[in-house]
Amino acid sequence: QVQLVESGGGLVQAGGSLRLSCAVSERERTFSKYGLGWFRQAVGKEREFVATIDWSGHDTYYAVSVKGRFTISRESGQNTVYLQMNSLKPEDTAVYYCAAVQSGLVLSIRGADYWGQGTQVTVSS
């Protein structure tokens, strides 16, 4: 059984910053080299891709809407991922979900093997 636990959401003013964290917990260690990523879902909208990073931490991809403002990172070989969000905008308001895939990158909702419960990010104008 695999669990993803997110933390770090909250309320921030436009232009501010937040850092999200997500840790992968396995009941039985599988030595899977998880690709990790972040998705978000705003009220009344579909869940959308935000960013992803591979096991080594060397390959990253971002949604156009966040590129240059958000940074995804992890320590190489570790199953904890971070999302540093800078220059936040009201349109970034959403529930942010951590996702994991057993190998490679998690680039789509269908590509994810596991999901976290989500953490709320609210950006006030």
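Reading guide: rules and limits
Residues numbered from 1 in each chain as written. Predicted model: local features only at pLDDT ≥ 70, side-chain atom pairs only at ≥ 80, totals over all residues. Heavy atoms only, no water. Buried < 20%, exposed > 50% of the residue type's maximum accessible area, 1.4 Å probe, protein only. Helix = DSSP H or I, 4+ residues; strand = E, 2+ residues; numbered from the N terminus. Pairing = 2+ DSSP bridges. Disulfide = S-S within 2.5 Å.

What to know about the pairing of strand β1 (residues 2-7)
Moving on, step 1. Covered by surrounding structure in β1 are Val2, Leu4 and Glu6 only, the residues Gln3, Val5 and Ser7 on the alternate face being uncovered.
Moving on, step 2. As paired elements, β1 and strand β3 (residues 18-26) share 6 bridges and run antiparallel to each other. For glutamate 6, the partnering residue across the bridge sits in β3 and is cysteine 22.

Some thoughts on the state of the cysteines
Moving on, step 1. Considering all chains together, one arrives at 1 disulfide under this definition.
Moving on, step 2. The partner cysteine of cysteine 22 in its disulfide is cysteine 98, sulfur to sulfur 2.1 Å. Every disulfide takes its handedness from the sign of the S-S torsion; for cysteine 22 and cysteine 98 that torsion is -85°, giving left-handed. Taken together, the residues span a long stretch of sequence, with cysteine 22 in strand β3 and cysteine 98 in strand β9 (residues 94-101) at a distance of 76 residues.

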